[in-house]
Amino acid sequence: YSSQGGLKALGSGTCVLTFTSSNGVICQKEVTVKYKAAEKIQFVNLDVNGIKVGESIEEFNARVLPEGSKQDYKIEIISGQDCGRLDYNSETKLYSLTALKEGKITVKTSSIDDPNISITKDIYVYQEISEDQVPTLLTTNDFVCYVEAKDRYYYLQFMNDGTGYVYTLDGEIVSWLGYFNYSISGYEITISDTTSIVGDVFYSVDGKFIVSQNGIEITGTIYYGSGSNEKTDAVFAKTTRHE
């Protein structure tokens, strides 16, 4: 409580305010402080999509939203335990992830009070790929990016015949947004002849895309609206192939 006349909630529980007048009259008021209901959870400082064998991702944690929610959560590896080791520093209350061998690690964070409030993230452990591995990489995985302006994930799928598709997911429901042709030269992909079939959320992915030597990411420009003025330079991360 401040002399300026304010009350700040510091934690869950009950406090008693005592007011005393100049002539000794006392009045008390009981105030109960509750946490806000948790709505979602997110990772903090875990922005990478891949990690090289033998290296570590340091000092990340999670946040329960909205602000004022109870910040009790856990982080765990739910698959790929043989590919990485998760460590917790009780002093800093931060986590680290060390890559042990090639593969995919799925990390999950969830609210302790409500385990249904959770999110997962796939992190690929890699050794750098050569140019001749690029075609296989493209045709055995899909690649996804998040476009904040549309609050939507966009997926690229490359086929063996030099064609590809753009789609989005709503749960398990696939919405096909367009298709294109592509060719490969080293780590560079040339995408051409894009056709949009859902004009208000996708226009084109024509142009040069670059495959990272870690085999985890593709960078390029996506036109996400109904014309060429709505675009963003995006990083598409490797993800599970959608059949």
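Residues numbered from 1 in each chain as written. Predicted model: local features only at pLDDT ≥ 70, side-chain atom pairs only at ≥ 80, totals over all residues. Heavy atoms only, no water.

A. Main features of a nonpolar patch on the surface. There is a patch of nonpolar side chains on the surface, built from Y165, W176, Y179 and I197 and spanning about 400 Å² of accessible area. By secondary structure assignment, the location of W176 is in strand β14 (residues 173–185). (Patch = residues over 30% accessible without salt bridge, like charges linked within 9 Å, V, L, I, M, F, W, Y side chains within 5 Å. Areas by Shrake-Rupley, 256 points an atom, 1.4 Å probe, with all protein chains shown as cover. Salt bridge = Lys/Arg side-chain N within 4 Å of Asp/Glu carboxyl O. Helix = DSSP H or I, 4+ residues; strand = E, 2+ residues; numbered from the N terminus.)

B. How the structure looks around the sheet that holds strand β6 (residues 73–79). The sheet built from 4 strands is open, its strands ordered β4-β10-β9-β6 with mixed pairing. A strand with exactly one partner marks an edge of an open sheet, and here the two such strands are β4 (50–52) and β6. On average, each strand axis in the sheet is tilted by 30° relative to the strand beside it, whichever way the strands run. With 3 bridges joining them, β4 and strand β10 (residues 118–126) adopt parallel strand pairing. Within β10, the residue paired with K52 across the bridge is Y126. (Pairing = 2+ DSSP bridges. Axes fitted to C-alpha atoms, helices over the stretch in contact; angles between N-to-C directions.)

C. Structural detail: the nonpolar core. Membership of the largest hydrophobic core comes to 27 residues, with the highest contact counts inside it found for L138, Y154, F158, I189, V205, I218 and F236. Mapped onto this core, the elements with two or more residues apiece are α1 (134–140), β11 (142–147), β12 (152–158), β14, β15 (188–196), β16 (207–211), β17 (217–223) and β18 (231–239). When neighbours within four sequence positions are excluded, F158 is seen to be in contact with L138, T139, F143, T163, G164, F180, Y182, I189, I191, I218 and R241. If you look at the next biggest cluster of nonpolar residues, it comprises 20 residues, including F43, F60, V64 and I117. (Core = buried A, V, L, I, M, F, W, Y, C linked by side-chain atoms within 4.5 Å. Buried < 20%, exposed > 50% of the residue type's maximum accessible area, 1.4 Å probe, protein only. Contact = heavy atoms within 4.5 Å.)

D. Seen up close, the pairing of strand β13 (residues 163–170). Pairing of β12 with β13, which is carried by 4 bridges, proceeds in the antiparallel orientation. Note that in β13 the partner of F158 across the bridge is G164. Between β12 and β13, which follow one another and run antiparallel, lie 4 residues, and G162 among them has a positive phi close to 85°. Looking at chain direction, β13 and β14 are connected through 8 bridges and run antiparallel. When the sheet's bridge partners are listed, L169 is paired in β14 with V174. From the end of β13 to the start of β14, which pair antiparallel, there are 2 residues, and G171 there has a positive phi angle of about 70°.

E. Region of interest: the layout of surface pockets. By volume, the largest pocket amounts to about 1400 Å³. I119, T120, K121, Y146 and Y153 are the residues nearest the centre of the largest pocket, which is lined by 38 residues in total. Going through the elements one at a time, β3 (40–44), β10, β11, β12, β13 and β18 are the ones with two or more residues in the lining of the largest pocket. Looking at the lining of the largest pocket, the element that brings in the most residues is β18, giving 7 residues. Grouping the constituent residues of the lining of the largest pocket by class yields 17 nonpolar, 10 polar and 11 charged. Taken as a whole, the second largest pocket encloses approximately 180 Å³ of empty space. Along the walls of the second largest pocket sit E102, V125, Y126, Q127, E128, I129, Q133, L137, N214, G215, I216 and K238, which together make up its complete lining. Here the lining of the second largest pocket is built from residues that sort into 5 nonpolar, 4 polar and 3 charged. (1 Å grid on protein atoms, 1.4 Å probe; cavity = no way out; pocket = protein on both sides within 12 Å on 5 of 7 lines; lining within 4 Å. Points joined across faces, edges and corners; volume = space filled by probe spheres on them. Nonpolar A, V, L, I, M, F, W, Y, C, P; charged D, E, K, R; others polar.)

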